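Below, each chain spelled out in residue letters.
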Amino acid sequence: MVQESRVVQTDKTEFPTQFFLLINNIDGPRLQTEKAQMVLSLLAALPVFHVVASVDHVNAPLLWDQVKADRFNWLWYDTTTYEAYEEETSYENSLLVQGGESNALTAIKHVLSGLTPNARAIFLFLCRHQLDHQKDSSYKGLSFHGLYRACREQFLVNTDMTLRAQLIEFRDHKLIGSKKGQDGVEMLMATAIPSVLKQVVDDCS
């Protein structure tokens, strides 16, 4: 595909019309690879080819180096709706679970890149705790109070409200899930499989 796009760039044949490519979430997990973004940028650089795309993450421009950014030559418009992703997520449980290990790892790294150092440390602590107990069949997750106590000891949060706000962001990105234990206590767990969590921890260490 890369070779074909370069051929189109050098072909002097007159194009009969204009081409418009509409992309919903150009920073989505399956389009975050170097090859995908390079091909899209080469197409966008064609005089008759126009790319109209949306992004979901505030740090989406980090996907493009200066060369790709120049090829895209974006015009930016803020069209935030602030609506929940109910329609988009009604057909799947979690991209981190169903997208394969490679896509899950890419998606998690993309989310973590936009978090504060303390927020990343909180998520990584939860991952490490989960990996340390992965062979324990009775392990149901880490309680909120257990996580809060550990985060306070590491000076990652100073109030439980701060931690609750951070957990909401984790949930919005499908990084964590929770369920009630038999005693009614909320237990928190990362949604990715252990092999992905281990790779995330290793890469961030």
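Residues numbered from 1 in each chain as written. Predicted model: local features only at pLDDT ≥ 70, side-chain atom pairs only at ≥ 80, totals over all residues. Heavy atoms only, no water.

(A) Spotlight on the overall build of the protein. When helices and strands are tallied, the protein shows nine helices and five strands. Its helices and strands taken in sequence order, the protein reads α-β-α-β-α-α-α-α-β-α-α-β-β-α from the N to the C terminus. Considering only contacts in the protein between residues 6 or more positions apart, those separated by 24 or more positions represent 70%. Summing over all exposed atoms, the protein offers an accessible surface of approximately 13,300 Å²; the carbon and sulfur share of this is 54%. (Helix = DSSP H or I, 4+ residues; strand = E, 2+ residues; numbered from the N terminus. Contact = heavy atoms within 4.5 Å. Areas by Shrake-Rupley, 256 points an atom, 1.4 Å probe, with all protein chains shown as cover.)

(B) Region of interest: the state of the cysteines. One pass over the structure, following the stated rule, counts zero disulfides. Cysteine C204 is unpaired, with the sulfur of C127 as its nearest cysteine sulfur at 8.5 Å. (Disulfide = S-S within 2.5 Å.)

(C) Layout of the packing of aromatic side chains. Applying the stated criterion across every chain yields a total of eight aromatic pairs. On the numbers, 6.3 Å between centres and 50° between planes, the contact of W64 with W76 is tilted. Of the two residues, W64 is situated in the loop between strand 2 (49-53) and helix 3 (66-72) and W76 in the loop between helix 3 and helix 4 (95-98); the sequence distance between them amounts to 12 residues. Note on W76: relative accessible area 52%, which makes it exposed. These aromatic residues form a ring-pair network of at least three members: W64, F72, W74 and W76. Its guanidinium or amino end placed over the ring of F144, R164 lies 3.9 Å from that ring's centre, counting from NZ or CZ. (Phe/Tyr/Trp six-rings, centres within 6.5 Å; stacked < 30°, edge-to-face > 60°. Buried < 20%, exposed > 50% of the residue type's maximum accessible area, 1.4 Å probe, protein only. Lys NZ or Arg CZ within 6 Å of the ring centre and 35° of its normal.)

(D) Molecular detail of the nonpolar core. Ranked by internal contacts, the top residues of the largest apolar core, which has 33 residues, are F123 and L163. Put simply, the parts of the chain that give this core at least two residues each are helix 5 (100-113), helix 6 (117-132), helix 7 (144-153), helix 8 (160-172), strand 5 (186-190) and helix 9 (194-204). In terms of residues, this core owes the most to one element, helix 6, which gives seven residues. In contact with F123, other than residues within four places in its own chain, are I108, L112, F170, L175, I176, A190 and V200. If you look at the next biggest cluster of nonpolar residues, it comprises 12 residues, including I23, L40, F49 and W64. (Core = buried A, V, L, I, M, F, W, Y, C linked by side-chain atoms within 4.5 Å.)

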